Amino acid sequence: MFDSEEMVLSMGPQHPSTHGVLRVILKLDGERVVDLDCDIGYLHRGAEKIFENRLYPMIAPYFDRLDYIAAVSNGLLYVETVEKAMGIEVPPRAQYLRVILTELNRLSSHLLWLATHALDIGGFTVFLYAFREREEILKIFENFFGARLTCHAFRIGGMTYDAYPGFEAQVRAFCDMFPKRLEEYETLLNENRIWLGRTVGIGVISAEDAINLGLTGAPLRGSGVDYDVRKTDPYECYADLDFDIPIGENGDTFDRYLVRMEEMRQSRRIIMQALDKLPDGPVMGKVPKVIRVPAGEVYHSIEGPKGELGLYLVSDGGTKPYRLRMRPASFVNLGALRKMAIGSLVSDVVAMIGSLDIVLGEIDR
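Everything numeric in this text was worked out from a predicted model, so none of it was measured. (Residues numbered from 1 in each chain as written. Predicted model: local features only at pLDDT ≥ 70, side-chain atom pairs only at ≥ 80, totals over all residues. Heavy atoms only, no water.)

Please set out a nonpolar patch on the surface residue by residue, giving values where relevant.
Among the surface-exposed residues, Leu119, Phe124 and Leu128 lie close enough to one another that they form a single nonpolar patch of about 280 Å² accessible area. Tracing the sequence through the fold places Phe124 in helix 5 (residues 124–145). (Patch = residues over 30% accessible without salt bridge, like charges linked within 9 Å, V, L, I, M, F, W, Y side chains within 5 Å. Areas by Shrake-Rupley, 256 points an atom, 1.4 Å probe, with all protein chains shown as cover. Salt bridge = Lys/Arg side-chain N within 4 Å of Asp/Glu carboxyl O. Helix = DSSP H or I, 4+ residues; strand = E, 2+ residues; numbered from the N terminus.)

Here is the structure:
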């Protein structure tokens, strides 16, 4: 029970600032947050149970729909996990194309985060600018995947189709244009008094707390922890590419913003190198006509736009998984919201949620 001076307020699940169907139950003393809880069960999709009743190739499209903002990264996680369990070797050209597409997906995800996060805090111009650049990436996806959101082209063993004519030129044109657009965002935000007032010192998470809470992605690196799966456990062709992992100093909302902005520069750097080194050859490896995963268990993870995406596969040797369990970054990162919010003003909770960059489809599977 709470004192008569306190009140309970539900934020969401339809409020735009809660990003999807998240309901935040706030206990308030005036404008000050006394306690906080998250109610996340509104989607009820049962994806992990569906996986147990589908053949391995049929499962891949479901992953595009879990985090629909990062469909390419989710698809990569699934096919890599099955390839790891079966010992399938993916041709080098497919590896480079996969990296280019997943880094483009990281850029489109970060741009959507920047747009909505700025809108939450009152930055409408940035919202329009970020959607302008994201549109250019979606045009590339539309040409490659035939879809703009639920993109799907990776297959177990490689890719069904090679890059379309003009793909390289279109990606290079975007990369040439993008740095100036990043400067525009930073000109609008980095010294903006309102932006600084709403982000600096807001939602602080120490490095120790970030590790203890299991955070990954920008929420972890913003607290100064140098951890990125692309460096610690490289997959595809990341070991052949040169890039840096940006980290923050103070662990606040502003540092998480700075980390993602620099990550966008590093993603562009990765894409340019991958295009320069893109090898010739096939895009599909040798794969049995009927996919049967050897009995046993395997865990595999990649660095998604929101943090570490993991998949734990248990196989009984058949054509369907016995168990397929996800480790979604959004779900774990959302666990830090209570630690961030207690003692702060209710208006700052909006900025904190935005700084975590969550998608409820990934959380409520």
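What follows picks up the thread again.
Break down helix 3 (residues 71–86) for me, with residues and values.
Here helix 3 contains 16 residues, and its C-alpha end-to-end distance of 23 Å stays within 8% of the 22 Å for a straight helix at 1.5 Å per residue. The buried fraction of helix 3 is high, at 14 of 16 residues. Directly after helix 3, the chain includes Gly87, whose backbone phi takes a positive value near 70 degrees. (Expected span 1.5 Å × (residues − 1). Buried < 20%, exposed > 50% of the residue type's maximum accessible area, 1.4 Å probe, protein only.)

Could you give an account of the packing of aromatic side chains, with specific residues and numbers?
All chains considered together, the criterion is met by 16 aromatic pairs. Where Tyr235 meets Tyr238, the ring centres are 5.1 Å apart and the plane angle is 70 degrees; that geometry is what we call edge-to-face. Comparing Tyr235 with Tyr238, the two get one shared label, buried. Taken together through their ring pairs, the aromatic side chains of Phe141, Phe144, Phe145, Tyr164 and Phe167 make up a single cluster. Arg98 extends its terminal NZ or CZ atom over the ring of Phe154, reaching a point 5.5 Å from the ring centre. Above the face of the Tyr129 ring, Arg132 is positioned so that its terminal group lies 4.6 Å from the ring centre. (Phe/Tyr/Trp six-rings, centres within 6.5 Å; stacked < 30°, edge-to-face > 60°. Lys NZ or Arg CZ within 6 Å of the ring centre and 35° of its normal.)

Explain the pattern of salt bridges residue by residue, including any values.
Under the definition given, this model contains 31 salt bridges. With a shortest N-O distance of 3.9 Å, Asp64 and Arg65 are connected by a salt bridge. We classify Asp64 as buried; its relative accessible area is 0%. Between Glu303 and Arg221 there is a salt bridge, with the nearest N and O atoms lying 3.1 Å from each other. Residue Glu303 is found in strand 6 (residues 296–304), and its partner Arg221 is found in helix 9 (residues 218–221); the two are separated by 82 residues along the sequence. Owing to a relative accessible area of 1%, Arg221 belongs among the buried residues under this scheme. A network of salt bridges, in which partner residues are shared, links Glu103, Arg106, Arg221, Asp228, Arg230, Glu263 and Glu303.

So, the sheet that holds strand 3 (residues 32–39): which residues are in play, and what are the values?
The sheet built from three strands is open, its strands ordered 1-2-3 with antiparallel pairing. Sheet topology places strand 1 (7–11) and strand 3 at the edges, where each strand pairs with a single neighbour. Averaged over all pairs of adjacent strands, the angle between their axes in this sheet comes to 25 degrees, without regard to strand direction. The pairing of strand 1 with strand 2 (residues 23–29) spans five bridges and is classified as antiparallel. Of the residues in strand 2, the one forming a bridge with Met11 is Val24. (Pairing = 2+ DSSP bridges. Axes fitted to C-alpha atoms, helices over the stretch in contact; angles between N-to-C directions.)

Got a sec to walk through the side chain of Glu80? Specific residues and values, please.
Here Glu80 is to be found in helix 3. A distance of 2.6 Å separates a polar atom in the side chain of Glu80 from a polar atom in the side chain of His300. If near-sequence neighbours (up to four positions away) are discounted, Glu80 is found in contact with Arg98, Tyr235, Glu236, His300 and Ile302. (Polar contact = N/O pair within 3.5 Å; in protein donor to acceptor, adjacent residues only side chain to side chain. Contact = heavy atoms within 4.5 Å.)

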